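Chain by chain, the residues run as shown.
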Amino acid sequence: MLKPADLAAIRAIITRAKRWDLFFSLLGILSLMVGVLTFTVLFVDMAIQGVPRLSMDFFTSFPSRRAEHAGILSAWVGTVLVMLVTALSAVPLGVAAGVYLEEYAPKNWITDIIEINISNLAGIPSIVYGLLALGLFVYYFGFGQSVLSAGLTLALLILPVIIVATREAIRAIPQSIHEGSYACGATTWQTVSDHILPYSSAGILTGVIIGMARAIGETAPIITIGALTFIAFLPTAPFSGDPPAGLFDWIFAPFTVMPIQMFNWTSRPEAAFSINAAAAGFVLVFMTLAMNGLAIYVRYRLRKNIKW
Amino acid sequence: MKSLKIAAVVASVFAATAAYAQALIKIDGSSTVFPVTEAVAEDFQKAKKGSVRVTVGISGTGGGFKKFCRGETDISDASRPILKKEMEDCAKAGIKYVELPVAFDALTVVVNPKNSFINQLTVAELKKMWEPAAQGKILKWKDVNPAWPDAPLKLFGPGADSGTFDYFTEAINGKSKSSRGDFTASEDDNVLVQGVSRDNNALGFFGFAYYDENKGKLKAVQIVNPKGKAVTPSIDAVMAGEYEPLARPIFIYVSAKSMDKPEVREFVEFYLKEGGKLAKEVKYVPLGAADYKHALDNFSKKKTGTAFGGEAEVGVKVSDLLKRNPKE
């Protein structure tokens, strides 16, 4: 039988524990707010400066020495094309590597070393990738200062992110699905293509988007491989021009990207250019958000189809 | 079968690229020269109605020469003359070039508008502030001149990678890159503008365009020229040759090989004809009309080499430069 005194002691312990709960939840909210508020302040500040500058002309004009006529046409087209090359090369490579490591690779020390290295690769400063790409893609393979070189550089940069995300997504699939598939006599490839890939695609997609969102804002490696600052023309569209361009000619075209355009504008003496930079920054953040939004939507659709 | 098809596509991609060539002029180099070259490139492309493409990068004067001497660019923007090492690189690769001055930049020394005791400075006073020996010793304004107040001296200047820093140290301290290290350095001139405008005891230097855009926040210091006259930095003073020794010519280097391309010739001629007007528009100082004509003449005669011989020089007249026999 509990004495009232014991009861009071227990209640005191519970209150103390609850106080810690409250304390930690406040601390958590505070930590969250540091990030969210900083972003909000920066974003709102940029929006206030930049949004009035946004107009159709801003998207359809080339850069110019006159701030009010300058636009981001070559920059946003460049960014879209570079991202396209990045996605087309990094996603197949990253997913294949992740699937191999999870499903095929023998568990031995070589695999361990590879795994450690992949995690380390994610932490390498992006400028190092830029220098590597300058030697490898630009000079050795002779791709030049082109959309292709830039896309492949950023692909290298985000490859570790995609590999790690793929592996995490695969590990989240219940072991019973694996074993069920093998028990029915399926080969590893059949298991992977019929079960592993469809079920993990939502998680893989998240990793891809995180990687792409990082790549879209990168400046250092792109400057290293020689992206341009003033470029008042677009890569020739396939089968247009005279003589007609080939289907893939655009990948060898010189280019610029959004962050470089912004960087150049912020270093100009005229104040009007920093308004342009804010507007370009707003568009860039919006592009990233749109990409994330698309990913969330696709993930939702994919999840709906999975029934375990 | 499938792999054959892929191979065919890949082959056609490369073949098409080789065959496909639209007139393209590649320019890279100094970010100081960039605004002028950008303005010229913009108007040139408009005048040609898009039949010629021009690209301009900002790898810096040194980075620009590296690409130039590898034969990757047609024209290199430079905020200082080509150096010995770069001349050797170019010679090794068989790249000859024509050196053309295109405008002046006036390095402007600024203080905070609340600073009432500084209106003019001599080179000797600037040297006392900036020379390597000043490091850790000249920390207050009164250390430079006892008549000045006992207030901390806060110095702002561009980083050691910039041509502006090279020229200022050459002109003031007598040796390129020789300077005290304990000052606030930034590659972004807007940071220097902010720094000087917020600190009553600050002194800084950068290109004229940055001062001109921020006149309300900064006070330009008159510089006493070798003739003993204190001169306010302005486009007119530089054109009259009075703003010495801080006015410096900026250059473009045109590859002799690229001069065989008609579009490059046309572009450079356009640059030397319209460059003066456009330079003024982006707050740089144009050369005299006779100098542009002389430069055009040197260009059409294909006078290759540099008038400097790989050494930095301060206070040379552009008209004299253009008369020199360039060395390779």
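A quick note: this is a predicted structure, and the numbers were derived from the prediction, not measured.

(A) Region of interest: the overall build of chain A. Along the backbone of chain A there are 11 helices and 1 strand. Helices (α) and strands (β) of chain A occur, in sequence order from the N terminus, as α-α-α-α-α-α-α-α-α-β-α-α. Here chain A has a C-alpha radius of gyration of 25 Å; the compact-globule value for 308 residues is 19 Å, and the former is much larger. Out of the 308 residues in chain A, the part that is buried amounts to 37%.

(B) Here's a closer look at the nonpolar core. Formed by 156 residues in total, the largest nonpolar core has its most connected members in Val147(A), Ile158(A), Ile162(A), Phe255(A), Ala280(A) and Val36(B). Looking at this core, the element that brings in the most residues is helix α6 (residues 147–171) of chain A, giving 17 residues. Look past the residues within four positions of Val147(A) in its chain and what remains in contact with it is Leu81(A), Val82(A), Val85(A), Pro235(A), Trp250(A), Ile251(A), Ala253(A) and Phe255(A).

(C) Region of the structure containing the sheet that holds strand β11 (residues 230–231) of chain B. Residues and elements named next belong to chain B. Pairing is mixed in the open sheet, where 3 strands are placed in the order β5-β10-β11. Whereas interior strands pair on both sides, the edge strands pair on one side only; in this sheet they are β5 (120–121) and β11. Where strand β10 (residues 222–224) and β11 come together, 2 bridges link them in antiparallel fashion. Opposite Ile223, over in β11, you have Val231 as the bridge partner.

(D) Just the interface of chain A and chain B, in detail. Contacts between chain A and chain B engage 20 residues on the former and 25 residues on the latter. The class makeup of the residues in the side of chain A that touches chain B is 12 nonpolar, 5 polar and 3 charged. Sheet topology note: the strand β1 (residues 230–231) of chain A/strand β2 (residues 53–56) of chain B ladder contains 2 bridges and is antiparallel. Bridging from a neighbouring strand, Phe230(A) pairs with Val56(B) of β2(B).

(E) Region of interest: the environment of Lys92(B). Position of Lys92(B) relative to the elements: it lies in helix α4 (residues 84–92). When the C-alpha positions of Lys92(B) and Arg70(B) are compared, they lie 9.4 Å apart, and in sequence the two are 22 residues distant.

(F) Molecular detail of the pairing of strand β1 (residues 24–29) of chain B. All names here are of chain B. Counting buried positions over the 6 residues of β1 gives 5, a clear majority of the element. Here β1 runs beside β2; their pairing, made up of 4 bridges, is parallel. Looking at the pairing, Ile27 lines up with Val56 of β2. Following the chain from β1 across helix α2 (residues 34–47) to the adjacent parallel β2, one finds a crossover that is right-handed.

(G) Inspection of the domain arrangement of chain A at higher detail. Considered domain by domain, chain A is made up of domain 1 (1–32) and domain 2 (54–303). With centres defined by C-alpha atoms, the gap from domain 1 of chain A to domain 2 of chain A works out at 48 Å.

Here is what the cut-offs are and how they apply
Along each chain, numbering runs from 1 in the same order as the chain's sequence is written. Labels are handed out in written order, letters beginning with A for the chains and numbers beginning with 1 for the ligands. Local features in a predicted model are, by the rule used here, given only for residues with pLDDT of at least 70; side-chain atom pairs are given and counted only at 80 or more, and totals for whole chains, interfaces and linings are based on all residues. The helix and strand labels rest on DSSP assignments: H or I over at least four residues marks a helix, E over at least two residues marks a strand, and numbering proceeds from the N terminus. Taken over C-alpha atoms, the radius of gyration is set against a globule rule of 2.2 Å times the number of residues to the power 0.38. Buried, partly exposed and exposed are defined by the number of other C-beta atoms within 10 Å of a residue's own C-beta, namely 20 or more, between the two limits, and 12 or fewer respectively, with C-beta atoms placed from the backbone. Throughout this description, the term nonpolar core refers to a group of buried Ala, Val, Leu, Ile, Met, Phe, Trp, Tyr and Cys residues whose C-beta atoms join them within 7 Å. Two residues qualify as being in contact provided that their C-beta atoms, derived from the backbone, are within 7 Å of each other. Only strands that DSSP links by at least two bridges are regarded as paired with each other. Asp, Glu, Lys and Arg are counted as charged, while Ala, Val, Leu, Ile, Met, Phe, Trp, Tyr, Cys and Pro are counted as nonpolar; the rest, among them Gly, fall into the polar class. For a crossover, the right-handed case is the one in which the path from the first strand over the helix to the second runs clockwise, viewed with the strands pointing away from the viewer. Segmentation of the chain into domains, including their bounds, is taken from an automatic or database domain assignment.

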